[in-house]
Amino acid sequence: MSQQGESPEHPELWSQLQREFVTNLSDPGLRMEEMPRSSKDRCLWRCSKADCGYEWSAILRFRIRRTNPTGCPECWRKRNRAPGPGESLADINPVLTKQFRRNLSRPGRGPDTLRTQSHDVCEWKCPQGHVNPATVANRTNGRGCPDCIGHGRSFFECKVAALVEAASGLVIELDHRLRLPGRREDRFDMFFPTLGLLLDLDPVWSHGGMASVARDTAKTEAAMTAGLDLVRIRERGLPLLPVSGLMHYEAGPGVDPEEWASVIGYMLRRRDEPWKDLDAVQVTAALARASELWQITVAGPKVSALDVAPELLNEFVANLTNPGRGLDHMPPGCNDVCIWRCLEPGCRFEWKAPLSARTLAGRGCRECGWRKTGTENSRPGLGESLADVNPVLASQLVEVIGHPGWTARDLLPNSNKPCRWRCPDLECRHEWPAPPSRRSGQGSGCPECGRRRTAASRSRPQPGQSLQDRFPEIAAELVEVRGRPGWTATDLRVSSGMECRWRCAKSRCPGSWAASPEQRTRRGGTGRRCPECYPPRRPRVG
């Protein structure tokens, strides 16, 4: 029993396990030497390293297996996450290190023990004094202070707020953030601290989709359930939110800041708040203050995406996450989802992708990538083309649709590219589209010839069911089948509607007439008979 658990292949590992073994948790009192090496007992272990001493539980068989034996998890975390010499955040990015305040994920670990791509959430303080959490990787990849880059604001909101402040004398806080019960942090366009009033502006360009309606409805319901005073002003033409008790106001159409400010003034006057009409000079002064506020709060980063990748300027169409923000106001690592348009001739494909995927990851047009990859993968190697593998099928190829100039030597036998083929039958010469994979893999041929063969096979009788088999007396009078040279009574079904020519079987009767087999075999074979031998009845005269 003393040698059951010992592993002769790894004596050093077995000795280490004996030093780290504390107790058997599954079967207390059982020593390690008494357990087989395949034991599933869970044991308590203590790390044998002098600077660790960490205790953990693990199954014995997992600690002595040949591949990937388990060890001390604390040592593993230190070994795999601690940076080496010159790899820490403090060594690589001293400027960012100055903004570091504390590690929220693992208190005690600082820039000297963090890698630049660590996912630890840390607290940072920007040069303007704003404190915000973010992962080390996001800060390293270029994400800046959200308060400094104006995230969640727009120039339109700044102008409306400046006009309302000038006309009412009230203080307005832009981009007010609240964490409502059961939700992540919500943002409200304006907040009047003295009134406790939240205000959201809903222009069509940012609230026109069905997803926006659902998002606005959920946010409004959560705010009203929490007892908050919320008012929404929606652009004329947008559907009203299905929220009971919500006061709706409309403005527009368009985003004229003076018109939207006048709607807010109407709302404030109904609440008995002060309001005065502004003259042209006061409006100009308010809009000038809004421009100054916008320049201060939305000043571009020191290193923008436009500085890093100026070639993206012509492909940039719009910012979906924060409409109005351009490449000069976004850092290279910004994750705003944008619309891009390919400039390659013949492409002009539009797609959505985060800015960081284009600036940092270097991703380009998906359509061009698919086309390039598809073209490279579809070209055959030496001796692998359709012309080499199946020359008979290649001789029927007319063209490769969408690829002018391509021949059978440019196609793989199992290619899915649409092609045009011509039937080799001189009496047919029908042309039809189909990929080579369908022709070579499934063995499909000319559809027109197939239809003719199917029609012919359907008109042929089953064995023992032909006109010759069932009505030999009628079959003896058959002369020809119109349109089917060479057909006889054995090729006709009894119910066939094909027109045939018949001649009376009586030697002295010259009767000859046209009828189908179905007409002749009616009433047990007494259908349309020889008109000479069986003349049609004359109608009775009253």
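The structure under discussion appears in the preceding block.
Cut-off values and rules
Residues numbered from 1 in each chain as written. Predicted model: local features only at pLDDT ≥ 70, side-chain atom pairs only at ≥ 80, totals over all residues. Heavy atoms only, no water. Helix = DSSP H or I, 4+ residues; strand = E, 2+ residues; numbered from the N terminus. Buried < 20%, exposed > 50% of the residue type's maximum accessible area, 1.4 Å probe, protein only. Contact = heavy atoms within 4.5 Å. Axes fitted to C-alpha atoms, helices over the stretch in contact; angles between N-to-C directions. Parallel < 35°, antiparallel > 145°, perpendicular 65-115°, else oblique. Left-handed = near helix turned anticlockwise from the far one by under 90°. Nonpolar A, V, L, I, M, F, W, Y, C, P; charged D, E, K, R; others polar. Phe/Tyr/Trp six-rings, centres within 6.5 Å; stacked < 30°, edge-to-face > 60°. Lys NZ or Arg CZ within 6 Å of the ring centre and 35° of its normal. Salt bridge = Lys/Arg side-chain N within 4 Å of Asp/Glu carboxyl O. Core = buried A, V, L, I, M, F, W, Y, C linked by side-chain atoms within 4.5 Å. Pairing = 2+ DSSP bridges. Expected span 1.5 Å × (residues − 1).

**Q** Looking at this structure, I do not really get the environment of valine 400. What am I missing?
**A** Positionally, valine 400 belongs in strand S15 (residues 397–400). Looking at valine 400, the relative accessible area reads 3%, which means it is buried. Sequence separation between valine 400 and proline 433 is 33 residues, and the spatial gap between their C-alpha atoms is 9.4 Å. Beyond its immediate stretch of four places on either side in the chain, valine 400 contacts Trp406, Leu411, Lys417, Pro418 and Cys419.

**Q** What's the story with the packing of helix H7 (residues 155–168) against helix H10 (residues 257–270) in this structure? I'm lost.
**A** Helix-helix packing is characterised by the crossing angle of the two axes and by the distance between the axes. Packing of H7 against H10 leaves a shortest axis separation of 9 Å and a crossing angle of 45 degrees. Considering the angle they form, H7 stands oblique to H10. With respect to the hand of their crossing, H7 and H10 are arranged in right-handed fashion. In this structure, H7 contributes Phe156, Lys159, Val160, Leu163, Val164 and Ser168 to the contact, and H10 contributes Pro257, Glu258, Trp260, Ala261, Ile264 and Leu268. Looking at side-chain class alone, the contact of H7 with H10 contains nine nonpolar, one polar and two charged residues.

**Q** What is the right way to read the packing of aromatic side chains from this model?
**A** Centre-to-centre distance and the angle between the planes together describe a pair of aromatic rings. Taken as a whole and assessed by the stated rule, the structure comprises six aromatic pairs. Here lysine 219 stacks its cationic end above the ring of phenylalanine 188, 4.5 Å away from the centre of that ring. In this structure, arginine 529 is placed above the aromatic ring of tyrosine 534, and the distance from its NZ or CZ to the ring centre is 3.8 Å.

**Q** What am I meant to see in the pattern of salt bridges here?
**A** Two side chains with opposite charge may pair up if their charged atoms get near one another. Counted by the stated rule, this structure contains 28 salt bridges. For the salt bridge of arginine 46 with glutamate 55, the shortest nitrogen-to-oxygen distance reads 2.6 Å. The class for glutamate 55 is partly exposed, based on a relative accessible area of 35%. Ionic pairing is found between arginine 482 and glutamate 499, a salt bridge with its closest N-O pair at 3.3 Å.

**Q** Is there a simple way to explain the nonpolar core in this structure?
**A** The biggest cluster of nonpolar side chains holds 30 residues, and the ones touching the most others in it are Val164, Leu201, Ile233 and Ile264. Of all the elements in the fold, those that place two or more residues in this core are H7, strand S8 (185–192), strand S9 (197–202), strand S10 (229–235), strand S11 (248–251), H10 and helix H11 (280–297). Setting aside residues up to four positions removed in sequence, valine 164 forms contacts with Gly169, Ile172, Phe192, Ala261, Ile264, Leu268 and Trp275. Within the second largest apolar cluster, 18 residues are counted, among which are Ile474, Leu478, Ala515 and Cys530.

**Q** What am I meant to see in the sheet that holds strand S18 (residues 478–481) here?
**A** One key point about sheets: their strands pair by backbone hydrogen bonds, in either a parallel or an antiparallel sense. On the basis of which strands lie adjacent, the open sheet formed by three strands has the order S18-S19-S20 and antiparallel pairing. The outermost strands of the open sheet, each flanked by one partner alone, are S18 and strand S20 (512–515). Taken over all neighbouring pairs, the strand axes of this sheet differ in orientation by 20 degrees on average, direction set aside. In terms of strand pairing, strand S19 (residues 500–503) meets S20 through four bridges, oriented antiparallel. Within S20, the position partnered with arginine 501 by the bridge is alanine 514.

**Q** Just checking my understanding: could you explain H7 for this structure?
**A** Since there are 3.6 residues in each turn of an α-helix, residues three or four apart along the chain are aligned in direction. Compared with the 20 Å implied by 1.5 Å per residue over 14 residues, the 20 Å span of H7 between its first and last C-alpha is a close match. Burial analysis of H7 places ten of its 14 residues in the buried class, the great majority of the element. Residues of H7 that are buried include every one of Phe156, Glu157, Cys158, Val160, Ala161, Ala162, Leu163, Val164, Ala167 and Ser168, and no others. Just downstream of H7 lies glycine 169, where phi reads positive at about 75 degrees.

**Q** Quick question: what am I supposed to make of the pairing of strand S7 (residues 173–179) here?
**A** In the case of a regular strand, side chains alternate between the two sheet surfaces. Bridge analysis of S7 against S8 gives six bridges, and the strand direction is antiparallel. Across the sheet, residue arginine 177 finds its bridge partner in S8, namely arginine 187. Counted along the chain from S7 to the antiparallel partner S8, the turn is five residues long, and its residue glycine 182 has a positive phi close to 75 degrees.

**Q** Even after reading the chapter, I still don't get the sheet that holds strand S17 (residues 431–434), so can you show me in this structure?
**A** The three strands are arranged S15-S16-S17 in an open sheet whose pairing can be described as antiparallel. Both outer strands of the open sheet, S15 and S17, are each paired with one neighbouring strand and no more. The mean inter-strand angle of the sheet, taken between neighbouring strand axes irrespective of direction, is 25 degrees. By the bridge criterion, three bridges tie S15 to strand S16 (residues 419–422) in an arrangement that is antiparallel. By the bridge assignment for S16, leucine 397 is matched with tryptophan 421.

**Q** Would you take a moment to explain unusual backbone geometry for this structure?
**A** Both trends apply: most residues other than glycine have a negative phi, and most peptide bonds are in trans. Here the residue pair glycine 252 and proline 253 is connected by a cis peptide bond, since its omega of 10 degrees sits within 30 degrees of zero. With respect to the helices, strands and loops of the structure, proline 253 is situated in the loop between S11 and H10. Despite not being glycine, arginine 429 shows a phi value in the positive range, around 55 degrees. Here arginine 429 lies in the loop between S16 and S17. We note that arginine 523 has phi near 55 degrees; this positive angle belongs to a residue other than glycine. Its location among the elements puts arginine 523 in helix H22 (residues 522–525).

**Q** Looking at this structure, how should I read the environment of alanine 408?
**A** Structurally, alanine 408 can be placed in the loop between S15 and S16. Taking the C-alpha atoms as reference points, alanine 408 and leucine 393, separated by 15 residues in sequence, lie 9.0 Å from one another. Not counting chain neighbours up to four residues away, the residues in contact with alanine 408 comprise Ser385, Leu386, Ala387, Ala394 and Leu397.

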